[in-house]
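Analysis of the macromolecular model
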Amino acid sequence: MAGRPKQYDRDDVLDRALTLFWDKGYEATGVADLTSTCGLGRQSLYNAFGDKRGLFLAALGRYNCAFGGQVIERLRDPNEDPLASIATVLSTHRAEKPATGCLVANTAAELGPHDEEIAAALRRQVDLIRGGFESALGRLQETDRLHPKLTPETGSHLLIAVIEGMAVLDRLGVDSDQLDSIVATVLDRLTPDEST
């Protein structure tokens, strides 16, 4: 006898929920919004994820694995130029959802101060990306292409600050050319001054 057919695709539900949370924010997203967007009945949603918060944590975990995995793969690829990889990640992160900002920054501002479990999930995502930056900067250092005043660790923290800061500026409607200029300036500051 064949098993019962799966009633929904979990990854599809998480992707749809993630988009909704990202667009509206956690508090402004109601269960009715989620059931309508995800194509799940209220009881099915509760059975699968417990509640809205459980669905949000599951969607955030999927985002962390998908986006974080792509970033790490790019930054740690020994066949890629590390500076070009960093540039690609900065540009890709900016282009993700400019109208709604960075999911991590948005969630940190909305929920991080009073929800330790969600704050911990966000820190894991930041640490994952930061570790990728540190790996790429380490390869720059090995070939004497990292600015002597930087270490891979300090440079990786700088790049995280740049990513999150640009996400806020992007959401505030700062001109795209200005953000491109920030990326170019940061990339220039990562490498040694050729005049010295």
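Now for a look at the structure at hand. (Residues numbered from 1 in each chain as written. Predicted model: local features only at pLDDT ≥ 70, side-chain atom pairs only at ≥ 80, totals over all residues. Heavy atoms only, no water.)

Let's shift gears to helix 8 (residues 152–171). The terminal C-alpha atoms of helix 8 lie 29 Å apart, and with 20 residues this matches the ideal 28 Å at 1.5 Å per residue to within 8%. Looking at helix 8, one finds that the buried residues are Pro 152, Gly 155, Ser 156, Leu 159, Ile 160, Val 162, Ile 163, Glu 164, Met 166, Ala 167 and Asp 170. One or two positions beyond helix 8, positive phi appears at Gly 173, with a value near 85°. (Helix = DSSP H or I, 4+ residues; strand = E, 2+ residues; numbered from the N terminus. Expected span 1.5 Å × (residues − 1). Buried < 20%, exposed > 50% of the residue type's maximum accessible area, 1.4 Å probe, protein only.)

What follows covers the side chain of Arg 139. Within the element layout of this structure, Arg 139 appears in helix 7 (residues 116–142). An unpaired buried charge is present at Arg 139: no salt bridge exists, and Glu 142, the closest side chain of opposite charge, is 6.4 Å distant. Leave out the neighbours within four places in its chain, and Arg 139 touches Leu 75, Arg 76, Asp 77, Pro 78, Glu 80, Asp 81 and Pro 82. (Lys, Arg positive; Asp, Glu negative; His and termini not counted. Salt bridge = Lys/Arg side-chain N within 4 Å of Asp/Glu carboxyl O. Contact = heavy atoms within 4.5 Å.)

Across its 25 residues, helix 4 (residues 52–76) extends 35 Å between first and last C-alpha, which sits within 8% of the 36 Å expected from 1.5 Å per residue. Where helix 4 begins, the side chain of Asp 51 points an oxygen toward the backbone nitrogen of Arg 53, at a separation of 3.3 Å. (Polar contact = N/O pair within 3.5 Å; in protein donor to acceptor, adjacent residues only side chain to side chain.)

Right, let's talk about a nonpolar patch on the surface for a bit. A grouping of Val 168, Leu 169 and Leu 172 is seen on the molecular surface, where their side chains present a nonpolar patch of about 280 Å² in accessible area. Checked against the element boundaries, Leu 169 lands in helix 8. Its relative accessible area of 32% is what places Leu 169 among the partly exposed residues. (Patch = residues over 30% accessible without salt bridge, like charges linked within 9 Å, V, L, I, M, F, W, Y side chains within 5 Å. Areas by Shrake-Rupley, 256 points an atom, 1.4 Å probe, with all protein chains shown as cover.)

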